[in-house]
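Geometric and topological summary
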Amino acid sequence: MTGLASRRQLRASLMRWALFTVPLVLLLGFLSGRVGSSADSPWFQALAKPDIFPPPMWFGIVWTILYVMMGLALAIVCAAWGARGRTAAIIAFAVQLAVNLAWSPVFFGMQQISTALIVIAVLDVLVIVTIVLFWRVRRSAALLLLPYLAWIAFATLLNYEFLRTNPEGGPGQESGAAQRYEI
């Protein structure tokens, strides 16, 4: 027992936070994936796929698991009332999540492979910062984010490979050329 709360009270606080953060992170991830076009769009279907591109069914499964783990990690940090660095860790999480949620609309919606690569590279750095800050608050929360870091590192490589195999940005991109017909 701590001086302020019993173990039972601490567990209850963690559960309350988890009941809020896990569904919130899942919902935001789901909404981000639905903004703009998706992997079913004609543009994406026409892209040359890199050799390392996994079967599409895995993306939904992996992201669901990762968003649950991210929500739990956030709940652990949120429940750490009075911990030094808690506020900075929560802010870092919110910033990296916003950048995470921006990637799908940039890649699929705006069809900007190179801009999406910049977004995900920034995300890589922000997730590392978040893990370091989480580690200072609760090590278990930081450990929950390690699979997320591994997946976005793979996603960064995959984004780069999409750019390499589709240097013009894919089919249907504006080339800037104009064709005129005389009537």
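Residues numbered from 1 in each chain as written. Predicted model: local features only at pLDDT ≥ 70, side-chain atom pairs only at ≥ 80, totals over all residues. Heavy atoms only, no water.

As for the overall build of the chain
For the chain, the helix and strand inventory stands at seven helices and zero strands. Beginning at the N terminus, the succession of helices and strands in the chain can be written as α-α-α-α-α-α-α. Across the 183 residues of the chain, 40% fall into the buried class. Restricting to contacts in the chain with at least 6 residues of sequence separation, those with at least 24 account for 80%. (Helix = DSSP H or I, 4+ residues; strand = E, 2+ residues; numbered from the N terminus. Buried < 20%, exposed > 50% of the residue type's maximum accessible area, 1.4 Å probe, protein only. Contact = heavy atoms within 4.5 Å.)

Structural notes on helix α4 (residues 86–109)
Relative to the 34 Å expected for 24 residues at 1.5 Å per residue, α4 spans 34 Å between its end C-alpha atoms, a close match to the ideal helical length. With its phi angle positive at about 55 degrees, Q111 sits one or two positions after the end of α4. (Expected span 1.5 Å × (residues − 1).)

Examining the packing of aromatic side chains
Applying the stated criterion across every chain, the model contains 17 aromatic pairs. Three or more aromatic residues joined by ring pairs form one cluster here, namely W43, F44, F53, F59, W103, F107, F108, W151, F154 and F162. Looking at K49, its charged tip hangs above the ring of F44, at a distance of 4.6 Å from the centre. A cation sits over an aromatic face here: R86 above W81, 4.1 Å from the ring centre. (Phe/Tyr/Trp six-rings, centres within 6.5 Å; stacked < 30°, edge-to-face > 60°. Lys NZ or Arg CZ within 6 Å of the ring centre and 35° of its normal.)

So, a nonpolar patch on the surface
On the surface, M57, W58, I61 and I65 cluster together into a nonpolar patch covering about 400 Å² of accessible area. Here W58 shows up in helix α3 (residues 57–78). Its relative accessible area of 40% is what places W58 among the partly exposed residues. (Patch = residues over 30% accessible without salt bridge, like charges linked within 9 Å, V, L, I, M, F, W, Y side chains within 5 Å. Areas by Shrake-Rupley, 256 points an atom, 1.4 Å probe, with all protein chains shown as cover. Salt bridge = Lys/Arg side-chain N within 4 Å of Asp/Glu carboxyl O.)

Some remarks on the pattern of salt bridges
As enumerated under the stated definition, the model contains one salt bridge in all. One salt bridge connects R164 with E161, and the closest N-O pair in it is separated by 2.6 Å. With R164 and E161 both in helix α7 (residues 146–165) and three residues apart, the pair spans about one turn of that helix.

Details of the nonpolar core
The biggest cluster of nonpolar side chains holds 46 residues, and the ones touching the most others in it are F44, M70, F107, F134, Y148 and F162. Contributions of two or more residues to this core are made by α2 (42–46), α3, α4, α5 (113–137), α6 (139–144) and α7. Per-element accounting of this core gives the leading share, eleven residues, to α5. Ignoring anything within four residues of it in the chain, the contact list for M70 reads V25, F93, Q96, L97, N100, L145 and Y148. (Core = buried A, V, L, I, M, F, W, Y, C linked by side-chain atoms within 4.5 Å.)

Regarding the environment of Y67
Note that Y67 resides in helix α3. Between the C-alpha atom of Y67 and that of L24, which follows or precedes it by 43 residues, the distance is 9.3 Å. Those residues in contact with Y67, other than ones at most four positions away along the chain, are V25, L26, G29, L97, N100 and L101.

Details of the packing of α3 against α7
The contact between α3 and α7 brings their axes to 10 Å, and the two run at 140 degrees. One finds that α3 runs oblique with respect to α7. Once α3 is placed against α7, the crossing between them reads as left-handed. Facing F59, V62, W63, L66, M69 and M70 of α3, the residues of α7 in contact are P147, Y148, W151, I152 and L158. Split by residue class, the contact of α3 with α7 holds eleven nonpolar, no polar and no charged. (Axes fitted to C-alpha atoms, helices over the stretch in contact; angles between N-to-C directions. Parallel < 35°, antiparallel > 145°, perpendicular 65-115°, else oblique. Left-handed = near helix turned anticlockwise from the far one by under 90°. Nonpolar A, V, L, I, M, F, W, Y, C, P; charged D, E, K, R; others polar.)

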